[in-house]
Amino acid sequence: MNNTATLKQFKLIEYVNENCSDDHIISKISIILRRDKIEAPYYMITKIKLSSCIDRQENGLIHAMDLLNHNRQHNLTEEKYNEIKSLITGCSHESDHVKISENDNQLKMVLMSKNDDEFRNLFKNYHELFDKIDKLID
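A brief structural summary. (Residues numbered from 1 in each chain as written. Predicted model: local features only at pLDDT ≥ 70, side-chain atom pairs only at ≥ 80, totals over all residues. Heavy atoms only, no water.)

The next thing to look at is the nonpolar core. By size, the foremost hydrophobic cluster in this structure holds 28 residues, and its most contacted members are Phe10, Ile13, Ile31 and Leu111. Of all the elements in the fold, those that place two or more residues in this core are helix 1 (9–18), strand 1 (25–34), strand 2 (43–56), helix 2 (78–89), strand 5 (106–113) and helix 3 (116–134). Among the elements that take part in this core, helix 3 stands out by supplying seven residues, more than any other. Those residues in contact with isoleucine 13 that lie beyond four places of it in its chain are Ile29, Ile48, Leu50, Leu68, Phe119 and Phe123. (Core = buried A, V, L, I, M, F, W, Y, C linked by side-chain atoms within 4.5 Å. Buried < 20%, exposed > 50% of the residue type's maximum accessible area, 1.4 Å probe, protein only. Helix = DSSP H or I, 4+ residues; strand = E, 2+ residues; numbered from the N terminus. Contact = heavy atoms within 4.5 Å.)

Next comes the structure, spelled out in structure tokens:
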């Protein structure tokens, strides 16, 4: 069977967010670039988790529901690895919502949002990075 799936992961979560009536969508996006495997020297792992949270403390109810839990692994060329790395390291927006860490073999970026506005700001600020990653599967 020929697998021609071309799921654009960041387009998907943007679509989910734009079409969900819940303002309390919590997102966590991890982008991990690694260079420590011999058989695949340049690779990336993306992890995306979206949850919906309802907080009704007057009723004693706090509820969270996973909407999406998605992981994808990419073998990269050195050129693509360096393009994505430069987009991440060129980010001067590190804040409570964005954390970047690096060691000899790994560069990790974690983006978090707790509501609709924060989520839209992440997409506004990092659309170039998200688009570059989505285009890897074209």
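A separate point is helix 1. Residues lying three or four places apart along an α-helix face the same way, a consequence of the helix completing one turn every 3.6 residues. Within the sequence span of helix 1, burial applies to Gln9, Phe10, Ile13 and Asn17. Buried residues along helix 1 cover an arc of 100° about the axis, so they all sit on one side. (Arc of directions from axis to C-beta.)

Turning our eyes to something else, we now look at the environment of lysine 8. As for its position among the elements, lysine 8 is in the segment before helix 1. In this structure, the C-alpha to C-alpha distance between lysine 8 and isoleucine 133, residues 125 residues apart in sequence, is 8.7 Å. One polar contact links the side chain of lysine 8 to the main-chain carbonyl oxygen of aspartate 134, over a distance of 3.4 Å. (Polar contact = N/O pair within 3.5 Å; in protein donor to acceptor, adjacent residues only side chain to side chain.)

Turning our eyes to something else, we now look at the side chain of threonine 46. Within the fold, threonine 46 resides in strand 2. We classify threonine 46 as buried; its relative accessible area is 0%. In this structure the side chain of threonine 46 is engaged in a polar contact, spanning 3.1 Å, whose partner is the side chain of glutamine 9. With near-sequence residues (within four places) excluded, threonine 46 lies in contact with Gln9, Ser30, Ile31, His70, Asn71, Arg72, His74 and Ile133.

This structure, assessed with the given rule, holds four salt bridges. Here lysine 132 makes a salt bridge to glutamate 83, at a shortest N to O gap of 2.7 Å. Here lysine 132 is found in helix 3, whereas its partner glutamate 83 is found in helix 2, with 49 residues between them in sequence. Overall, the relative accessible area of 21% leaves glutamate 83 in the partly exposed class. Two residues, glutamate 102 and lysine 85, come together in a salt bridge whose shortest N-O distance is 3.7 Å. Of this pair, glutamate 102 sits in strand 4 (residues 98–102) while lysine 85 sits in helix 2, and the two are 17 residues apart along the sequence. In this structure, a network of salt bridges that share partners links the residues Lys80, Glu83 and Lys132. (Salt bridge = Lys/Arg side-chain N within 4 Å of Asp/Glu carboxyl O.)

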